[in-house]
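The chain contents come next:
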Amino acid sequence: MTAAFVLGINMSVAGIFAVAFAVVAATNRGARGARWLAAGYGMGIVYVALEFLLTRQVDPTPVGIGIFLVFLLALSFALIGAAYHYHVQPPWRAMAAIWVVTILAVPAIFSLTYGSTLRLTLYQLPYFAMQSLLGFVIWRSGRRQALDLLLIALQVVAAAIYVAKPFIATLVGTASAPQGYMGTTYAAISQSGSVVTLMAIALVLLLVMMRDTTAEMVARSETDPLSSVLNRRGFEHHAELAFMRGGAAVLIAADLDDFKKINDSFGHAAGDGVIAHFAAMLVDAAPAGAIVGRIGGEEFAVLLPDALLSDGRLYAETVRTAFAAVQLPVLGIDRCFTASFGVAQRTSDNSLFELSRRADAALYRAKAGGRDQVRVALGEMPPAPALGVA
C-alpha cells in the first residue's frame, strides 16, 4: 500500500467528516462546535492536496511550510470545536503560545537536514502539544461517560503517534528530500496511523454529539418552558427513577394561593412572572438531588430523596416564609403573595401515586385551614373539607 493511496483515503475521509459535521451544524443551530470541527476536517482536505502538490515542486520549502501549518490549523479548529461542544472555554492563551513558538521555529526546522531525527522531532512537537491540549479540554469539562473517556483515550493515542514518528523514521528510513516523501515506507506507516485516528476520533465525536443532542431533546421535552423546572411528565419520570433506587423520600405539594386574583388584578404576564419566581425559590432552597416540577398551572411538587418528614417540613416552611415576604415591583405588582404546602413521607409500600395523594390531602388541609401554611400527612388523612374559593 503506497503513501499516495493512503493519502487519497485520508482526503476522502476528511471530506466525508467535514460534510457530516457541516450537516450537524446546519441542522442544529446550537451545535457551535460542529462548525469548527467541519472547518478542521475541511483543512484536512487542503493538507492532503498540498502533500500531492509537494511532489512537483522544484523548491519544496514554501509548500512544505504550508503543509506544516495547515495541519496545525486543522488541529486548532478541532480543538476549538471540541471545547465549544463540551461547553469549555477554548484555551486561547495556550493555543496562541503553541502558534507563536511554532512560527518562530519554522526557519530553524526547515533549515535542518530533511529526515534528520531533530527535524522530525521538532516538526511533530506542535501537533503533539495541540492534540494533548484537546484531550485536556475534554477532561477539564468534567464529562466522564464512556464515550468521553474513549475520546480522551484516542487523543492520548494520537498524541503518542506524533511522538513515535521520529523513531519510526529512524527504524524504516525516510526520503532524502521532501519530494520523495510519498515513495517511502515511513510515509505509508505515518499516513496509515493518521487515517485510523482521524476516523476513530471523528466517529466518536459524532456519537458524542448524537448522544448530547438526544439528551437535550429529552430534557426539553421534560422541562416546563415558563418555570424552567420539570413538567409533569419529567417530574413523574425522574421521581419514579428515584423510587426505584429505594430509600426514604419526602414529597412536598405546593400551590399558589388565590392565583386567579393575581391574573385578574395584574394580568397574565405578571402571573407568569410570579410562577417563574416561585419555581426559582423552590429550586434555590432545595438540597442537592431534589426533583422539582410544575405539575399544573400554579401547582408544584418537590421530591426530596433520602429525607425525613422533618426535612420536608423545614424545606416547605423556608420557601413559604421567603415567598410571603417577597415583593415583585419589577412585574408591576405592589403586594405580596402566599403559597400553601402539603408534606408526606414515603413508606415502604408507597407508590408515587399514593405518596402524591397523601401530599395533596395535606395541601388541601392547608388551604382549608386558611392558606399560607404547611401541613403534614401523618399516615392516611381523611378528606379535606371543601374550599369556598380555589
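All figures in this text were calculated on a predicted structure; none of them were measured in a lab.

Description of the confidence of the model for the protein
- Taken as a whole, the protein shows an average pLDDT of 90; of its residues, 96% reach a score of 70 or greater.
- The element-level mean pLDDT for the protein is lowest in helix 9 (residues 259–266), coming to 84, with helix 4 (residues 92–111) highest at 97.

Describing the packing of aromatic side chains
- With the rule as written, the count across this model stands at 17 aromatic pairs.
- Ring plane angle 50 degrees and centroid distance 5.0 Å describe the contact between Tyr-47 and Phe-71, whose orientation is recorded as tilted. Placement of Tyr-47 in helix 2 (residues 32–54) and of Phe-71 in helix 3 (residues 61–85) is noted, with a sequence separation of 24 residues between them. In this structure, Tyr-47 and Phe-71 share a single accessibility class: buried.
- With a centroid separation of 4.6 Å and 35 degrees between ring planes, the pair formed by Phe-68 and Tyr-123 is classed as tilted. Note that Phe-68 is positioned in helix 3 and Tyr-123 in helix 5 (residues 117–140), a separation of 55 residues in sequence.
- Its relative accessible area of 0% is what places Phe-68 among the buried residues.
- Classification of Tyr-123 by relative accessible area gives buried; the value is 17%.
- One aromatic cluster is present, built from ring pairs that chain together Tyr-47, Phe-68, Phe-71, Phe-110, Tyr-123, Tyr-127 and Tyr-162.
- Positioned above the aromatic ring of Tyr-84, the side-chain terminus of Arg-32 is 3.9 Å from the ring centre.
- In this structure, Arg-346 is placed above the aromatic ring of Phe-243, and the distance from its NZ or CZ to the ring centre is 4.1 Å.

Brief notes about the nonpolar core
- Ranked by internal contacts, the top residues of the largest apolar core, which has 67 residues, are Phe-21, Tyr-127 and Met-130.
- Breaking this core down by element, the ones donating at least two residues are helix 1 (3–27), helix 2, helix 3, helix 4, helix 5, helix 6 (146–172) and helix 7 (185–221).
- If you tally residues by element for this core, the top one is helix 3, at 15 residues.
- If sequence neighbours within four positions are ignored, Phe-21 has contacts with Ala-34, Leu-37, Ala-38, Tyr-41, Ala-202, Leu-205, Leu-206 and Met-209.

Notes on the sheet that holds strand 5 (residues 374–377)
- Ordered in space as 2-3-1-4-5, the five strands form an open sheet in which the pairing is mixed. Edge positions in the sheet fall to strand 2 (291–294) and strand 5, since each of these pairs with one other strand and no more. Strand-to-strand twist of the sheet, defined as the mean angle between neighbouring strand axes without regard to direction, takes the value 15 degrees.
- Examined bridge by bridge, strand 2 and strand 3 (residues 299–305) share four bridges and lie antiparallel to one another. The residue of strand 3 that forms the bridge with Arg-294 is Phe-300.
- Of the strands in this sheet, strand 1 (249–256), strand 2, strand 3 and strand 4 (339–345) touch helix 10 (residues 268–285), which is tilted by about 10 degrees from strand 3.

Focus: the pairing of strand 1
- Among the eight residues that make up strand 1, eight are buried, leaving the element largely enclosed by the rest of the structure.
- A two-sided burial pattern is seen for strand 1, the buried positions comprising Ala-249, Leu-251, Ala-253 and Asp-255 on one face and Val-250, Ile-252, Ala-254 and Leu-256 on the other.
- Both strand 1 and strand 3 contribute to a ladder of seven bridges, which runs antiparallel. Paired with Ala-254 across the bridge in strand 3 is Phe-300.

Overview of the side chain of Ser-227
- Following the sequence through the fold, Ser-227 ends up in the loop between helix 7 and helix 8 (232–244).
- For Ser-227, a relative accessible area of 7% puts it in the buried group.
- In terms of polar contacts, Ser-227 uses its side chain to reach the side chain of Asp-224, at 2.5 Å.
- Once you skip the residues sitting within four places of it in the chain, Ser-227 turns out to touch Ile-275, Ala-276, Ala-279, Arg-294 and Phe-300.

Procedures and definitions
Residues numbered from 1 in each chain as written. Predicted model: local features only at pLDDT ≥ 70, side-chain atom pairs only at ≥ 80, totals over all residues. Heavy atoms only, no water. pLDDT = per-residue confidence, 0-100. Helix = DSSP H or I, 4+ residues; strand = E, 2+ residues; numbered from the N terminus. Phe/Tyr/Trp six-rings, centres within 6.5 Å; stacked < 30°, edge-to-face > 60°. Buried < 20%, exposed > 50% of the residue type's maximum accessible area, 1.4 Å probe, protein only. Lys NZ or Arg CZ within 6 Å of the ring centre and 35° of its normal. Core = buried A, V, L, I, M, F, W, Y, C linked by side-chain atoms within 4.5 Å. Contact = heavy atoms within 4.5 Å. Pairing = 2+ DSSP bridges. Axes fitted to C-alpha atoms, helices over the stretch in contact; angles between N-to-C directions. Polar contact = N/O pair within 3.5 Å; in protein donor to acceptor, adjacent residues only side chain to side chain.

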